[in-house]
Amino acid sequence: KNRHSCWCQRFLRHEVPDNQSALQREIQDAGEPVGLLAYCGDEVVGWTRVVPRSTLPGITTNRALARILDDDPRAWWVSCFVVRRENRGSGVGGSLLGAAVDWAAQHGASVLDGHPVDVDGLTGTPSPSALFTGTLAMFQRAGFTEIGRTYRTRPVMRHQLQHHARIRSARLPCGTSSSSMSPSR
C-alpha cells in the first residue's frame, strides 16, 4: 500500500513522480473542479472524480471501452470513489455518485458513464481497493443502466442526462452532524 498512490490517476498521463502529487497539481491548476468532496460536518469523508470523458486518456484509448462507448464530446465519466474506512457502508459512495450525476448535468453533460465492479460475479470478498470504481448495485440505485461489459464482472454503466433537472443539496448519512457535497478545489 502506497500512501502516495491515487487510483483515479491511472486514467491520466503525467510527468510527476507520484500520483498524489499529480492529483494535487491537477486540482490546483484546474479551471473547473475535477471532483466532489463529501463532508460530514467539517470533515472530508469521501471523494469522487467526475470530469468530461475526453480528459481521461486511459478511458478514451482503452480498446475494450472503445467497443462500447460512442464518440460523444459531451459525455462525462465518474472514475473513482474514495471513502474513509470508518464511513464505508453508510451510503457515502452512493451520495457521491448522486451528486456526480447532478454535477455533470449542471455542466452540460449528455451522459455520465462509469465502469463499476459487479461483485456478484466475483469469487470471494473483494478488497476495498478493488472497488475504487464503485459497485454495480450502487450505480443501479443511482439510476444508471448497463450499456455493455468489458469483462464478465465489469459493466459499463450510463446515466442519460439530457432531461436531468434534479439539483439537490446532498446530505450524507453520518450521524447527527450536517453533511454536504462540494466541488474539490
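Our structure's up above, just so we're on the same page.
Residues numbered from 1 in each chain as written. Predicted model: local features only at pLDDT ≥ 70, side-chain atom pairs only at ≥ 80, totals over all residues. Heavy atoms only, no water.

Draft legend 1. Spatial organisation of the overall build of the protein. Across its full length, the protein holds five helices and seven strands. Listed by position from the N terminus, the elements making up the protein come as α-β-β-α-α-β-α-β-α-β-β-β. Of all 185 residues assigned to the protein, the portion counted as buried reaches 46%. A total accessible area of about 10000 Å² is found for the protein, and carbon and sulfur atoms account for 49% of it. (Helix = DSSP H or I, 4+ residues; strand = E, 2+ residues; numbered from the N terminus. Buried < 20%, exposed > 50% of the residue type's maximum accessible area, 1.4 Å probe, protein only. Areas by Shrake-Rupley, 256 points an atom, 1.4 Å probe, with all protein chains shown as cover.)

Draft legend 2. Seen up close, the packing of aromatic side chains. Taken as a whole and judged by the stated rule, the model has two aromatic pairs. On the basis of an interplanar angle of 85° and a centroid distance of 6.2 Å, the ring pair of Phe81 and Phe139 is categorised as edge-to-face. You can see Phe81 sitting in strand β3 (residues 76–83) and its partner Phe139 sitting in helix α5 (residues 136–141), a full 58 residues away along the chain. Across this residue pair, the class does not change: Phe81 and Phe139 are buried. Each ring, one from Phe139 and one from Phe144, has its centre 4.8 Å from the other, and the planes form 70°; the classification is edge-to-face. Just as Phe139 is buried, Phe144 falls in that class too. (Phe/Tyr/Trp six-rings, centres within 6.5 Å; stacked < 30°, edge-to-face > 60°.)

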